[in-house]
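A look at the structure
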Amino acid sequence: MASLRRPIILFGPSGVGKSTLVKRLMQNYKDRFGFSVSHTTRQPRPGERNGVEYYFVTKEEFQKLVSENKFVEWAVFSGNMYGTSVMAIDDVIQHQKTPLLDIDMQGVMQVKKSELNARYLFIAPPSVECLEQRLRGRGTESEESISKRLAQAIAEIEYSKQPGNFDGIVVNDNLDTAYKQLEQFCLKDE
Ligand SMILES: Nc1ncnc2c1ncn2[C@@H]1O[C@H](COP(=O)(O)OP(=O)(O)OP(=O)(O)O)[C@@H](O)[C@H]1O
């Protein structure tokens, strides 16, 4: 996959604010960045549209894509499958934009082994307690799902403490400050 523009990978615990931040960046830089739309087997949340936030597919469709080697990375998270297709990244590159990916830690590990020459930005919560509040506040998760996401969050925060696992880190405490830091990272060194 040849690209002059290095894809940017945002990762961090569920509920930390990745979608909120990416949405703002995409609004402000429509022509510069393109969101790589992932596939998922989870149900759409209210307002989510197929092909915009995600490609919503069945388990069978997802497994077919896996067997055809169509994903750069994929993972099972909270009982659902998520994946980044080669097609989704190529689609952004063909529009002369820098691909932005929002993936989880398992995905990051797989992409690091792939030929994708990406830059990695870790989005961290101010604290695990704050993350829990945001997940609850979003009102999209069951108690079971919140517990799973928090357990995973602790593993992701540990991963982020190991040197060399990311190129930049943004603590999403104040949203405006975090956004500015995200913008700075994304605009430099393309
Ligand atoms: N800096 C912030 N301060 C307070 N609330 C925030 C901040 N950033 C995001 N939020 C809120 O936290 C909740 C989680 O944010 P968001 O859905 O963007 O997280 P996410 O990291 O994309 O999660 P997932 O990985 O599960 O999709 C949302 O309700 C959002 O409005």
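Here the structure is a predicted model, which is why all the values come from computation and not from measurement. (Residues numbered from 1 in each chain as written. Predicted model: local features only at pLDDT ≥ 70, side-chain atom pairs only at ≥ 80, totals over all residues.)

Moving on: the packing of helix 5 (residues 128-138) against helix 6 (residues 143-161). At a closest axis distance of 11 Å, the pairing of helix 5 and helix 6 adopts a crossing angle of 150 degrees. Seen along the crossing, helix 5 lies across helix 6 with a hand that is right-handed. Of the residues in helix 6, those in contact with Val 128, Leu 131, Glu 132, Leu 135 and Arg 136 of helix 5 are Ile 146, Arg 149, Leu 150, Ala 153 and Ile 154. (Axes fitted to C-alpha atoms, helices over the stretch in contact; angles between N-to-C directions. Helix = DSSP H or I, 4+ residues; strand = E, 2+ residues; numbered from the N terminus. Left-handed = near helix turned anticlockwise from the far one by under 90°. Contact = placed C-beta atoms within 7 Å.)

We now examine the confidence of the model for the chain. Scored by pLDDT, the chain comes out at a mean of 93, with 97% of its residues at no less than 70. Ranking the elements of the chain by mean pLDDT puts helix 4 (residues 105-113) last, at 91, and helix 2 (residues 59-67) first, at 98. If you check the scores for this complex, the pTM reads 0.88 and the ipTM reads 0.93. (pLDDT = per-residue confidence, 0-100.)

Turning to the sheet that holds strand 7 (residues 98-102), a few remarks are in order. In space, the five strands of this open sheet follow the order 2-7-1-8-9, with parallel pairing throughout. One side of each edge strand has no neighbouring strand; the edge strands of this open sheet are strand 2 (33-35) and strand 9 (168-171). For this sheet, the mean inter-axis angle between neighbouring strands, taken without regard to orientation, is 25 degrees. On top of the sheet, helix 7 (residues 175-187) reaches strand 1 (8-11), strand 2, strand 8 (119-124) and strand 9; it is set at about 165 degrees to strand 9, its chief contact. (Pairing = 2+ DSSP bridges.)

With that out of the way, let us pick up the site of the ligand. Within the structure, the ligand sits among 13 residues, and Ser 14, Gly 17, Ser 19, Thr 20 and Arg 134 are positioned closest to it. Elements supplying a minimum of two residues to the shell around the ligand: helix 1 (18-28), helix 5 and helix 7. Considered class by class, the residues forming the shell around the ligand number three nonpolar, seven polar and three charged. (Near = placed C-beta within 6 Å. Nonpolar A, V, L, I, M, F, W, Y, C, P; charged D, E, K, R; others polar.)

Turning our eyes to something else, we now look at the sheet that holds strand 6 (residues 80-85). Where strands meet in a sheet, backbone hydrogen bonds hold them as pairs that are either parallel or antiparallel. Sheet architecture is open: four strands sit in the order 4-3-6-5, paired in mixed fashion. In this open sheet, the two strands that pair with only one neighbour each are strand 4 (54-56) and strand 5 (71-77). Pairs of neighbouring strands in the sheet enclose a mean axial angle of 25 degrees, with direction left out of account. The sheet contact formed by strand 3 (residues 38-40) and strand 6 spans two bridges and is antiparallel. From the neighbouring strand, His 39 faces strand 6, where its bridge partner is Gly 83. Its contacts with the sheet put helix 3 (residues 86-94) on strand 3, strand 5 and strand 6, and the angle it makes with strand 6 is roughly 40 degrees. Strand contacts of helix 4: strand 5 and strand 6, with the helix running at about 155 degrees to strand 5, the strand carrying the most contacts.

Our focus in this paragraph is helix 3. Taken together, the buried positions of helix 3 are Ala 88, Ile 89 and Val 92. Angular distribution of buried residues about the axis of helix 3 spans 95 degrees; they occupy a single face of the element. Of the surrounding elements, those touching the buried residues of helix 3 are strand 2, strand 3, strand 5, strand 6 and strand 7. (Buried ≥ 20, exposed ≤ 12 C-beta atoms within 10 Å, placed from the backbone. Arc of directions from axis to C-beta.)

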